[in-house]
Amino acid sequence: MYPRLTIDLKKIEENTRYLADKCKSNGLSTMAVTKVYCAFKEVAEASLRGGAEYLADSRLENLNLLRDLDVPKVLLRLPMQSEAKRVVELADISLNSEIETIKALNQAAQEQGKTHKVLLMIDLGDLREGILKKDVEYYVKSILDLSNIELFGIGVNLTCYGGVIPSAVNLGELTDIAASIEEQFDIKLNMISGGNSSSLYLLDREGLPSRINNLRLGEAVVLGRETAYGDRIDGTHDDCFTLEAEIIELKEKNSVPTGEIGMDAFGNKPEFEDRGMMVRCILAVGQQDVEKGGLIPTLEGVDIIGASSDHLIADVTHVKSDLKVGDTLTFKMEYGALLKACTSHYINKIFI
Ligand SMILES: *Cc1c(COP(=O)(O)O)cnc(C)c1O
């Protein structure tokens, strides 16, 4: 049944092992981030076989799928106050930056007779989540007053929103903050989490500041790519996930539409390059299932030229082999396309 997403569990395991080993030899534990693949349990288990020590996701629905796995689970997105009870039920650790939310977690933990661990997020310039440096003392003091919350550590998230690249400078600030918290409050922080797949490149250069002892890895595991510069990571696979879609029309047609051009399916005014006549195929998959810009054809000569909700159009003029209606084309994917493909319930998922 097409479209079909094939997920190679062996390759996920190997990617995780390569990265977890590398982290370990640098004194870092590894959280395998499961959100891009909607936390399919088979894939999360492959990452655990590969040596991930934590599973982390931004959504409770996903952590719920993993609840039977005997490993600490981490909620990556700041909790909604309204879900505090479920957070305490489903996550051992959550990332936080709002004291009222942490109080709600404390209340829920009290009711459930649990201690909930909090990783306090610090904003070091990327401008997504995190408290500002000037507020660290107030937050730590307030958290330490709560009976059922353990301040497990601190963390930073970089590159996701502002594109800020991790460096000795901003990660050095994180370890300075950790040291000053420990000294001022006479406590020990268990975890200093130094970011996501964009921090990996530092391991091959000057390294991470030594107090940092954890990374949270999504893209690096699933696509074999570091995200500071977008480089492939040697020794990992970039085809753990492949998408196959079926050709439903194959004809020689013009490269430029005929008639007055108005708006396309998404309200944009399209522009066309005149390449003369071309062999065009339509695949039965669309923007509802993938990002057309994030598909990487495995067959040479395939050029994706457009997509509407349910159709993907490719120029296959320069394909050497004979294609016919009913054949399939295969694609590797970028992060955004993979995210949509995993989320789309129109795509059949196969684990091998
Ligand atoms: C998504 C996410 C990650 C993983 O990011 P990758 O770039 O995929 O490694 C790590 N931390 C947080 C807080 C996230 O939301």
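Rules of the game
Residues numbered from 1 in each chain as written. Predicted model: local features only at pLDDT ≥ 70, side-chain atom pairs only at ≥ 80, totals over all residues. Heavy atoms only, no water. Helix = DSSP H or I, 4+ residues; strand = E, 2+ residues; numbered from the N terminus. Buried < 20%, exposed > 50% of the residue type's maximum accessible area, 1.4 Å probe, protein only. Contact = heavy atoms within 4.5 Å. Salt bridge = Lys/Arg side-chain N within 4 Å of Asp/Glu carboxyl O. Phe/Tyr/Trp six-rings, centres within 6.5 Å; stacked < 30°, edge-to-face > 60°. Near = heavy atom within 4 Å. Polar contact = N/O pair within 3.5 Å; in protein donor to acceptor, adjacent residues only side chain to side chain. Areas by Shrake-Rupley, 256 points an atom, 1.4 Å probe, with all protein chains shown as cover. Nonpolar A, V, L, I, M, F, W, Y, C, P; charged D, E, K, R; others polar. Core = buried A, V, L, I, M, F, W, Y, C linked by side-chain atoms within 4.5 Å. Axes fitted to C-alpha atoms, helices over the stretch in contact; angles between N-to-C directions. Parallel < 35°, antiparallel > 145°, perpendicular 65-115°, else oblique. Left-handed = near helix turned anticlockwise from the far one by under 90°. Disulfide = S-S within 2.5 Å. Expected span 1.5 Å × (residues − 1).

**Notes on the overall build of the protein chain**
Helix and strand counts for the protein chain stand at 9 helices and 16 strands. Along the first, second and third principal axes, the C-alpha atoms of the protein chain reach 75 × 45 × 40 Å. The 352 residues of the protein chain split such that 51% are buried. Within the protein chain, counting contacts between residues at least 6 apart in sequence, those at least 24 apart form 65% of the total.

**Brief notes about the pattern of salt bridges**
A complete count under the given rule lists 24 salt bridges for this structure. Residue D239 pairs with K11 through a salt bridge whose shortest N-O separation is 3.1 Å. Note that D239 is positioned in the loop between α8 (219–223) and β10 (241–254) and K11 in helix α1 (residues 9–25), a separation of 228 residues in sequence. Taking relative accessible area as the criterion, D239 reaches 26% and is therefore assigned partly exposed. A salt bridge links E291 to K340; its shortest N-O distance comes to 3.2 Å. Of this pair, E291 sits in the loop between β11 (277–283) and β12 (295–297) while K340 sits in helix α9 (residues 335–343), and the two are 49 residues apart along the sequence.

**What about the packing of aromatic side chains?**
One pass over the full model with this rule turns up 4 aromatic pairs. Plain terms: the ring middles of Y138 and Y139 are 5.5 Å apart, the flat faces sit at 90° to each other, and that makes the pair edge-to-face. On the accessibility criterion, Y138 (47% relative accessible area) is partly exposed. Look at Y139 and you get buried, because its relative accessible area is 10%. Relative to Y229, the ring of Y201 has its centre 5.2 Å away and its plane inclined at 90°; by these criteria the two rings are edge-to-face. Residue Y201 is found in the loop between β8 (191–193) and β9 (214–217), and its partner Y229 is found in the loop between α8 and β10; the two are separated by 28 residues along the sequence. On the accessibility criterion, Y229 (44% relative accessible area) is partly exposed.

**Some words on the site of the ligand**
Around the ligand sit 14 residues, and of these K35, S197, R216, G218 and E219 come closest. Within the side chain of K35, one N or O atom sits 2.6 Å away from an oxygen atom of the ligand. Between an oxygen atom of the ligand and a main-chain N or O atom of E219, the distance comes to 2.8 Å. For the ligand, the protein covers 94% of the area, taking 390 Å² as the surface of the free molecule. Residues that form the shell around the ligand fall into these classes: 5 nonpolar, 4 polar and 5 charged.

**Some remarks on the nonpolar core**
By size, the foremost hydrophobic cluster in this structure holds 51 residues, and its most contacted members are L120, I122, I154, L174, I181, L200 and L208. Tallying contributions element by element places helix α7 (residues 168–185) first for this core, with 6 residues. Here I181 is in contact with V136, V140, I154, D186, I187 and L189, once residues within four sequence places are set aside.

**Quick notes on the packing of helix α6 (residues 136–144) against α7**
Interaxial distance between α6 and α7 falls to 11 Å at its minimum, and their mutual angle equals 50°. Classified by the angle between their axes, α6 and α7 sit oblique to one another. For the pair α6 and α7, the sense of crossing is right-handed. Along its contact with α6, which presents V136, E137, V140, K141 and L144, the element α7 presents I177, I181, Q184 and F185. The residue makeup of the contact of α6 with α7, split by class, is 6 nonpolar, 1 polar and 2 charged.

**Observations concerning the state of the cysteines**
Two cysteines whose sulfur atoms are joined by a covalent bond form what is called a disulfide. This model, assessed by the stated rule, comprises 0 disulfides. In this model C160 remains outside any disulfide bridge; the closest cysteine sulfur is found in C23, 16 Å from its own. By relative accessible area, C160 is classed as partly exposed at 44%. Lacking any disulfide linkage, C240 is separated from the closest cysteine sulfur, that of C342, by 11 Å.

**What to know about the environment of S309**
Tracing the chain through its elements places S309 in the loop between β13 (303–307) and β14 (312–315). C-alpha separation for the pair S309 and D289, spaced 20 residues apart in sequence, amounts to 8.0 Å. In this view, S309 contacts F266, G286, Q287, Q288 and D289; residues no more than four positions away in its chain are not counted.

**Regarding α7**
Here α7 contains 18 residues, and its C-alpha end-to-end distance of 25 Å stays within 8% of the 26 Å for a straight helix at 1.5 Å per residue. Taken as a whole, α7 has its buried residues at N170, L171, G172, L174, T175, I177, A178, I181, E182 and F185. Considering only its buried residues, α7 is in contact with α6, β7 (149–155) and β8. The backbone nitrogen of V169 has a side-chain oxygen 3.1 Å away, supplied by the residue at the start of α7, namely S167. A positive backbone phi angle near 50° is found at D186, which sits one or two residues after α7.

What is shown is where atoms sit, not what they do.
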